[in-house]
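# Structure at a glance
Listed below, chain by chain, are the residues.
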Amino acid sequence: MSQEAKIGVIGGSGLYGMEGIENLRTKKVTTPFGSPSDEYLLGTLNGVKLAFLPRHGKGHRIMPTEINFRANIYGMKALGVERIISVSAVGSMKEEIVPGDIVIPGQFYDHTKQRKSTFFGDGIVCHVGMADPVCPELSAILYESGKKIRAKVHKGGTYLCIEGPQFSTRGESMIYRDWGVDVIGMTNVQEAKLAREAEICYATIALATDYDCWHAHAEDVTVEMVIAILMKNVDTAKGIIKEATGMLNSERKCHCPKALEGAIITDPKAISNETKERLGLLIGKYIK
């Protein structure tokens, strides 16, 4: 299988494309888990093969709970992607993370209720490690890239992922603050879990757009507020991605490429041929 892309970018609200990508073409990818959010945009950026996917589809027509996360990540794997940079709008849960700032989270808390977060099941059991859910190498590069373009960027912290599509109630927001989380969003935790199972490095560029509704002196979050600040943040995110691609053409030295090693606990003899074929892209090097 030829490698059609080395780096994947998943764009969230406000990021539906990338300027500067050369040799552009689109590709529709089919997966055992259904259709991804949209066609993948393929090309080169700084000489590196890149695949871009709009998380919510063109025109932002897919709400967070409806996103087919499994198909999106599987599609990246099928294209040969080794590292995924995810871009996502978030609310700030800390005074020092000012709307307009960038955060590179190091942790996630999954507070969703209705989503499929694994490729496994139906006769095969796998338990990957998620103690450190983002790739340390990729996160460090994104942080350094942010500093190089003089963005106000924060490294680390916890991204709380809620179901949505509604924003938080004030009571919820205050409870989340007590939990000590740093930012709040609706999408990234499933991507992180599935990327780990697919042995793809994953990290998030979180674009702070508001203070949710906990802040006593700031307006409660609205779509209009989010979009206004988001447009400025998106340009910064694009700058970080362009800077980072020049640093991501090296061999991976992290543990992400071996995440499934020893994690599949089902006896290979008990796994059906249909399952082996369906998941062959993910498990083929471990189970024949």
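Scope of this entry: the structure provided in the associated data block. (Residues numbered from 1 in each chain as written. Predicted model: local features only at pLDDT ≥ 70, side-chain atom pairs only at ≥ 80, totals over all residues. Heavy atoms only, no water.)

### What to know about the environment of Lys269
Inclusion rule: Secondary structure follows DSSP: runs of H or I at least 4 residues long count as helices, runs of E at least 2 residues long count as strands, and numbering of each begins at the N terminus. Using a 1.4 Å probe on the protein chains alone, a residue whose accessible area is under 20% of its type maximum counts as buried, one over 50% counts as exposed, and one in between counts as partly exposed.
In this structure, Lys269 sits in the loop between α5 (223–245) and α6 (273–278). The exposure class assigned to Lys269 is exposed, which follows from its relative accessible area of 79%.

### A short note on the side chain of Thr209
We count it as follows: Side-chain atoms alone can form a polar contact between residues adjacent in sequence; in general such a contact is a pair of N or O atoms within 3.5 Å, and within protein one must be able to donate a hydrogen while the other accepts it.
Looking at the secondary structure, you find Thr209 in strand β11 (residues 201–210). Judged by its relative accessible area of 1%, Thr209 falls in the buried class. Polar contacts involving the side chain of Thr209 include one to the side chain of Asp210, which spans 2.6 Å.

### Structural notes on the pattern of salt bridges
Quick reminder of the rule: Whenever Lys or Arg places a side-chain nitrogen within 4 Å of a carboxyl oxygen from Asp or Glu, that contact is recorded as a salt bridge.
With the rule as written, the count across this model stands at twelve salt bridges. Here Glu191 ties to Arg55 by a salt bridge, and the two come within 2.6 Å at their closest N and O atoms. With Glu191 in helix α4 (residues 188–197) and Arg55 in the loop between β4 (48–54) and α1 (69–78), this pair connects stretches of sequence that are 136 residues apart. Between Lys193 and Asp110 there is a salt bridge; the shortest N-O distance is 2.7 Å. Of this pair, Lys193 sits in helix α4 while Asp110 is found in strand β7 (residues 107–111), placing the two residues 83 residues apart along the sequence. Relative accessible area serves as the criterion here: at 24%, Lys193 is assigned to the partly exposed category. Here the salt bridges do not stand alone but share partners, grouping Glu4, Arg25 and Lys27 into one network.

### Things to note about the nonpolar core
Across soluble globular proteins, nonpolar side chains show a tendency to be buried alongside one another. To keep things clear, this is the line we draw: Only buried residues count toward a nonpolar core. Its members are Ala, Val, Leu, Ile, Met, Phe, Trp, Tyr and Cys residues joined through side-chain atoms within 4.5 Å. In this description, contact between two residues means that some pair of their heavy atoms is separated by no more than 4.5 Å.
If you look at the biggest cluster of nonpolar residues, it comprises 47 residues, and the most contacted ones within it are Met76, Phe119 and Ile283. When contributions to this core are tallied by element, the ones reaching two or more residues are β3 (40–45), β4, α1, β5 (83–92), β9 (158–162), α4, β11 and α7 (280–283). Leaving out residues up to four positions away in the same chain, Met76 has contacts with Gly8, Val9, Ile10, Tyr40, Ala51, Leu53, Val81, Ile84 and Ile200. Counting residues in each nonpolar core, the second largest holds 31 residues, with Leu138, Leu142, Ile205 and Leu248 among its members.

### With respect to the side chain of Arg252
Basically, it comes down to this: Counted as positive: Lys and Arg. Counted as negative: Asp and Glu, with His and the chain ends omitted from the count.
Tracing the backbone shows Arg252 in the loop between α5 and α6. Buried Arg252, no salt bridge; nearest opposite-charge side chain is Glu82, N-O distance 4.1 Å. Among the polar contacts made by the side chain of Arg252, one reaches the main-chain carbonyl oxygen of Glu82 at a distance of 2.8 Å. With near-sequence residues (within four places) excluded, Arg252 lies in contact with Glu82, Arg83, Glu137, Glu199, Ile200, Cys201 and Pro257.

### Quick notes on α4
With nine of its ten residues buried, α4 lies for the most part within the structure. Where α4 is concerned, the buried positions are Asn188, Val189, Gln190, Glu191, Ala192, Leu194, Ala195, Arg196 and Glu197. Against β1 (7–11), α1, β5, β7, β9 and β11 lie the buried residues of α4. Within two residues after α4, Glu199 carries a phi angle of roughly 60°, on the positive side.

### Concerning a nonpolar patch on the surface
Which entries qualify depends on this criterion: Think of a patch as exposed residues, more than 30% relative accessible area, with no salt bridge, where like charges cluster within 9 Å and nonpolar side chains (Val, Leu, Ile, Met, Phe, Trp, Tyr) cluster within 5 Å. Surface accessibility follows the Shrake-Rupley procedure with a 1.4 Å probe radius. Residue values consider only the protein chains on display as shielding.
Residues Tyr109, Ile175 and Trp179 make up a contiguous nonpolar surface patch of about 310 Å² in total accessible area. Tracing the backbone through its elements, the reader meets Tyr109 in strand β7.

### Here's the deal with unusual backbone geometry
Cis geometry marks the peptide bond from Gly164 to Pro165, where omega comes out at 5°. Assignment of secondary structure puts Pro165 in the loop between β9 and α3 (170–179). Positive phi, close to 60°, is recorded for Glu199, a residue that is not glycine. As for its position among the elements, Glu199 is in the loop between α4 and β11.

### Considerations on the packing of aromatic side chains
Where we set the bar: Pairing of aromatic side chains here covers Phe, Tyr and the six-membered ring of Trp, requires ring centres within 6.5 Å, and sorts the geometry by plane angle: under 30 degrees stacked, over 60 edge-to-face, intermediate tilted.
In the structure shown here, the tally under the stated rule is seven aromatic pairs. An angle of 55° between the planes, with centres 5.3 Å apart, marks the rings of Phe108 and Tyr159 as tilted. With Phe108 in strand β7 and Tyr159 in strand β9, the pair connects residues that are 51 residues apart, well separated along the chain. For the pair Phe108 and Tyr159, a shared accessibility class is recorded, and that class is buried. Members of the aromatic cluster, connected to one another through ring pairs, are Phe33, Tyr74 and Phe119.

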